[in-house]
Protein chains: 2
Amino acid sequence: MNQPFCAGIDIGGTNTSFAFIDQAGNIIYKNEVPTGKSADPNDLISRVCDDMKSALASSGSENDLRGIGIGAPNGNYFSGTVEFAPNLTWYGVIPVAKMFSEKMNVPAFLTNDANAAAMGEMFFGDAKDIKDFIFITLGTGLGSGIVVNGNLVYGHDGFAGEMGHCIVIQHGRQCGCGRKGCLEQYCSATGLVKTYLEILAGNDPENSSKIDRGIINAKYIYDRAMAGDEDAFYAFNYTGEILGFALANSVVYTSPKAFFLFGGLANAGELLLTPTILSFEKNLLSIYKNKIKIVVSGLPENDAALLGAASLAWNELKTIA
Amino acid sequence: MNQPFCAGIDIGGTNTSFAFIDQAGNIIYKNEVPTGKSADPNDLISRVCDDMKSALASSGSENDLRGIGIGAPNGNYFSGTVEFAPNLTWYGVIPVAKMFSEKMNVPAFLTNDANAAAMGEMFFGDAKDIKDFIFITLGTGLGSGIVVNGNLVYGHDGFAGEMGHCIVIQHGRQCGCGRKGCLEQYCSATGLVKTYLEILAGNDPENSSKIDRGIINAKYIYDRAMAGDEDAFYAFNYTGEILGFALANSVVYTSPKAFFLFGGLANAGELLLTPTILSFEKNLLSIYKNKIKIVVSGLPENDAALLGAASLAWNELKTIA
């Protein structure tokens with residue numbers, strides 16, 4: 001541990017993981033702690049910082065930590081705050097970057113999970129030579145990080161890149177945000193399950209209430225599709241159709257060279273990619289056709305959030321230097 | 001004419017206008033020539049350059065021209081070329097920026113009309129202190145220029161900002177681009193006329209073929225609406241509803257602080273703005289509500305294209321200096 005590194009911190013609803021990562025993307029140290037249910041963010045932040053300080057001391061690298069990058073739900077880059085995150089027990093607007101910075105005595109930077117992952121793709125993944133791309137996370141919801149000319153787009157308020165809440169079907173499925181027809185109600189693990197249940201109910205309306213909804217998740221539908229179940233296959237097909245349409249529509253804003261798909265649903269591979277690309281090309285304005293790629297992210301799934309968070313710090317330090 | 005200035009050139013289907021504009025946006029000299037129907041772009045470019053050279057010579061300011069900015073349909077910023085412009089008689093890909101630069105012996109830069117106008121709003125209009133905004137031109141079609149963190153978004157290929165071809169109504173009106181339901185089929189002078197004719201036909205299907213379509217244009221519908229015609233009023237209302245929805249959806253990408261509307265339809269003022277803002281706020285994700293403004297452009301309509309084109313050059317020279 002004698003070369004400089006940054007800390008990447010990924011604050012999740014259940015666990016908070018953190019790592020020391022050098023400029024080449026090597027993970028030098030990694031640990032995690034339960035996020036906990038305390039209303040006081042100092043509880044979590046102190047536990048993380050105490051562990052990081054021990055790790056620095058035991059390896060004699062107290063002077064090698066250069067900065068901290070944090071990925072957090074509802075994280076705002078401009079203010080360095082986490083704002084009313086629905087899956088955390090903190091209330092209100094918490095100055096998380098400032099708190100980490102003060103405890104560790106290095107600069108700290110914060111953004112939301114999808115933005116951090118997009119930055120990770122640029123630093124450590126397959127977007128190293130791409131200056132315009134969009135990173136899409138397909139998990140419980142749909143998150144996005146938009147990169148224009150080599151820089152993440154934050155917008156005037158830090159809340160750019162909320163593609164999951166682009167309305168794709170007017171008067172469509174009810175979304176948790178209060179509106180209807182948002183992209184993430186169709187293209188996410190949750191959306192896939194809804195689509196599959198709708199198909200089952202359409203096949204057999206009378207018995208639809210008897211379906212054991214408890215066992216049906218994205219993994220279940222994937223396994224069924226791979227085993228030849230046409231309904232499951234069609235559920236992926238429909239998900240890809242909507243996703244392809246939405247990505248084609250998004251091209252008119254920033255004209256990216258590539259889309260990187262990440263997360264559970266992206267791992268379905270061709271089952272999702274094939275209908276997505278088909279629908280994408282079909283719906284594209286002709287000037288964009290056959291030149292924009294849609295691929296699965298090159299980041300290792302388990303460490304993507306940490307690599308993304310650390311790359312945020314590396315990127316800022318590059319700008320400062 | 002003893003202070004430095006840039007030339008702004010606006011190549012249109014009928015006329016090509018050009019002006020010398022200083023860094024404060026003052027127009028020092030202005031003229032225009034017919035674009036002409038020659039297949040050889042040298043014909044137009046020579047006539048413009050000859051006139052500019054005479055103007056420079058007669059005022060003894062040969063050394064004050066610093067650069068040239070060009071706004072042109074289908075203009076590509078990266079290559080400086082005009083590519084297959086449908087309303088020009090040139091065939092193929094024409095290196096217009098290079099041709100102007102060589103004849104006038106100063107650097108020349110080129111982009112499409114809407115991008116140039118967005119740049120003009122930033123330099124000489126009401127976006128001087130705004131780093132994230134979207135400029136919308138509502139003419140025969142709908143053009144857009146997207147500004148992120150003080151820079152125009154060009155995308156990987158120079159074709160970013162084609163919001164007129166965002167599909168807002170699936171299987172909607174046929175667009176000239178070959179797809180259906182594009183925004184500009186609803187929110188443009190052409191779209192307004194289509195909407196009004198649809199309303200008239202809906203009121204009286206049997207006599208709809210007898211409508212004198214020759215007299216119906218955006219100005220006619222505006223005058224009717226101001227005179228109390230409910231159908232004309234509703235046509236504007238519907239246009240605003242779709243525009244507000246589309247702008248709300250566009251916010252999730254770059255989270256702009258403002259939208260600037262420009263062009264004939266924008267001059268309808270409250271008739272269009274009121275339903276647009278109503279629909280915009282109704283369709284916005286809650287984190288964006290009540291903080292993004294939609295206003296009419298602050299650029300003088302007659303000179304907006306020239307100011308925009310010149311500001312493109314001023315902006316580039318700023319970067320070079």
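These figures come from a predicted structure and were not determined experimentally.

Student: Mind laying out the overall build of chain A, listing which residues take part and the relevant values?
Tutor: Across its full length, chain A holds 8 helices and 13 strands. Taking 321 residues into account, the globule formula puts the C-alpha radius of gyration at 20 Å, and chain A, at 21 Å, falls close to it. For chain A, the spread of C-alpha atoms along the principal axes amounts to about 65 × 45 × 35 Å. A buried classification covers 59% of the 321 residues belonging to chain A. Nonlocal contacts in chain A, meaning residues at least 24 apart in sequence, comprise 63% of its contacts between residues at least 6 apart. Summed over its atoms, the accessible surface of chain A is roughly 13000 Å², and 51% of this surface lies on carbon and sulfur atoms. Of the side-chain charges in chain A, 23 are positive and 33 negative, and the distance between the mean point of each set is 4 Å.

Student: An account of the relation of the copies chain A and chain B is needed here, citing residue identities and associated values.
Tutor: For these two chains of identical sequence, chain A goes onto chain B by a turn of 180° and a shift of 0.0 Å along the axis, with RMSD 0.1 Å. A rotation of that kind, with that shift, is consistent with a two-fold axis. Taking the C-alpha atom as reference, chain A places Tyr253 of chain A closest to the rotation axis, 3.8 Å from it. Of all interface residues in chain A, 100% are interface residues in chain B too; the two copies therefore contact each other through one and the same surface.

Student: I'd love a proper account of the interface of chain A and chain B, names of residues and values included.
Tutor: Each partner contributes residues to the interface: chain A has 36 residues there, and chain B has 37 residues. When chain A packs against chain B, the two sides together hide about 3300 Å² of surface, and 61% of this comes from carbon and sulfur. Across the pair Asp157 of chain A and Lys291 of chain B runs a salt bridge whose closest N-O atoms are separated by 2.9 Å. Listing elements by their share of the side of chain A that touches chain B, those giving two or more residues are strand 10 (142-148) and helix 6 (230-254) of chain A. Counting residues per element, the side of chain A that touches chain B draws most heavily on helix 6 of chain A, which supplies 7 residues. For the side of chain A that touches chain B, a count of residues per class yields 20 nonpolar, 10 polar and 6 charged.

Student: Lay out the sheet that holds strand 12 (residues 258-262) of chain A in plain terms, naming residues and giving numbers.
Tutor: Residues and elements named next belong to chain A. Across the sheet, which stays open at both edges, the 5 strands sit in the order 11-10-9-12-13 with mixed pairing between neighbours. Single-partner strands in this sheet number two, and they are strand 11 (151-152) and strand 13 (293-296). The sheet contact formed by strand 9 (residues 133-138) and strand 12 spans 5 bridges and is parallel. Counterpart to Phe135 in the pairing with strand 12 is Phe260.

Student: Describe the pattern of salt bridges, and please don't skip the residues or the numbers.
Tutor: Residue and element names in this part refer to chain A. By the definition in use, this model includes 14 salt bridges over all chains. Between Lys30 and Asp303 there is a salt bridge whose closest N-O contact spans 2.6 Å. With Lys30 in strand 3 (residues 27-34) and Asp303 in the loop between strand 13 and helix 8 (304-320), this pair connects stretches of sequence that are 273 residues apart. For Asp303, a relative accessible area of 16% corresponds to the buried category. Here Arg173 makes a salt bridge to Glu198, at a shortest N to O gap of 3.2 Å. You can see Arg173 sitting in the loop between strand 11 and helix 4 (189-203) and its partner Glu198 sitting in helix 4, a full 25 residues away along the chain. Arg173 gets classed as buried once you look at its relative accessible area, which sits at 10%.

Student: Go over unusual backbone geometry with me, naming the residues and quoting the values.
Tutor: All names here are of chain A. Positive phi, normally seen in glycine, also occurs at Asn149, with a value near 50°. Phi angles above zero are rare outside glycine, and Ser255 is one such case at about 40°. Within the secondary structure, Ser255 sits in the loop between helix 6 and strand 12. A residue is classified by how much of its surface remains accessible, and Ser255, at 0% relative accessible area, is buried.

Student: For the packing of aromatic side chains, give the residues involved together with the corresponding values.
Tutor: Counted under the stated rule, the structure contains 27 aromatic pairs over all chains. When the ring of Tyr196 of chain A is compared with that of Tyr220 of chain A, the centres are 6.4 Å apart and the planes differ by 65°; the resulting orientation is edge-to-face. Of this pair, Tyr196 of chain A sits in helix 4 while Tyr220 of chain A sits in helix 5 (residues 218-226); the two residues are 24 residues apart in sequence, bridging distant segments of the chain. The exposure class of Tyr196 of chain A is buried, given its relative accessible area of 2%. Their ring planes at 85° and their centres at 6.0 Å tell us that Phe84 of chain B and Tyr91 of chain B sit as a pair that is edge-to-face. Residue class for Tyr91 of chain B comes out exposed when judged on its relative accessible area of 73%. What links up through ring pairs into an aromatic cluster is the set Phe5, Phe20 and Tyr29 of chain A.

Student: Describe the packing of helix 5 of chain A against helix 6 of chain A, listing the residues and the values that go with them.
Tutor: Helices that pack against each other are described as a pair by the angle of their axes relative to one another and the distance between those axes. All names here are of chain A. Look at helix 5 against helix 6: their axes get within 7 Å of each other, and the N-to-C directions meet at 115°. In the packing of helix 5 onto helix 6, the handedness of the crossing is left-handed. Together, Ile221, Tyr222, Arg224 and Ala225 of helix 5 and Ala232, Phe233, Ala235 and Phe236 of helix 6 make up the contact between the two elements.

Conventions and cut-offs
Residues numbered from 1 in each chain as written. Chains lettered and ligands numbered in written order. Predicted model: local features only at pLDDT ≥ 70, side-chain atom pairs only at ≥ 80, totals over all residues. Heavy atoms only, no water. Helix = DSSP H or I, 4+ residues; strand = E, 2+ residues; numbered from the N terminus. Rg over C-alpha atoms; globule rule 2.2 N^0.38 Å. Buried < 20%, exposed > 50% of the residue type's maximum accessible area, 1.4 Å probe, protein only. Contact = heavy atoms within 4.5 Å. Areas by Shrake-Rupley, 256 points an atom, 1.4 Å probe, with all protein chains shown as cover. Lys, Arg positive; Asp, Glu negative; His and termini not counted. Charge placed at Lys NZ, Arg CZ, Asp CG, Glu CD. Least-squares fit on C-alpha atoms with pLDDT ≥ 70 in both. Buried area = accessible area lost by both parts, 1.4 Å probe. Salt bridge = Lys/Arg side-chain N within 4 Å of Asp/Glu carboxyl O. Nonpolar A, V, L, I, M, F, W, Y, C, P; charged D, E, K, R; others polar. Pairing = 2+ DSSP bridges. Phe/Tyr/Trp six-rings, centres within 6.5 Å; stacked < 30°, edge-to-face > 60°. Axes fitted to C-alpha atoms, helices over the stretch in contact; angles between N-to-C directions. Left-handed = near helix turned anticlockwise from the far one by under 90°.

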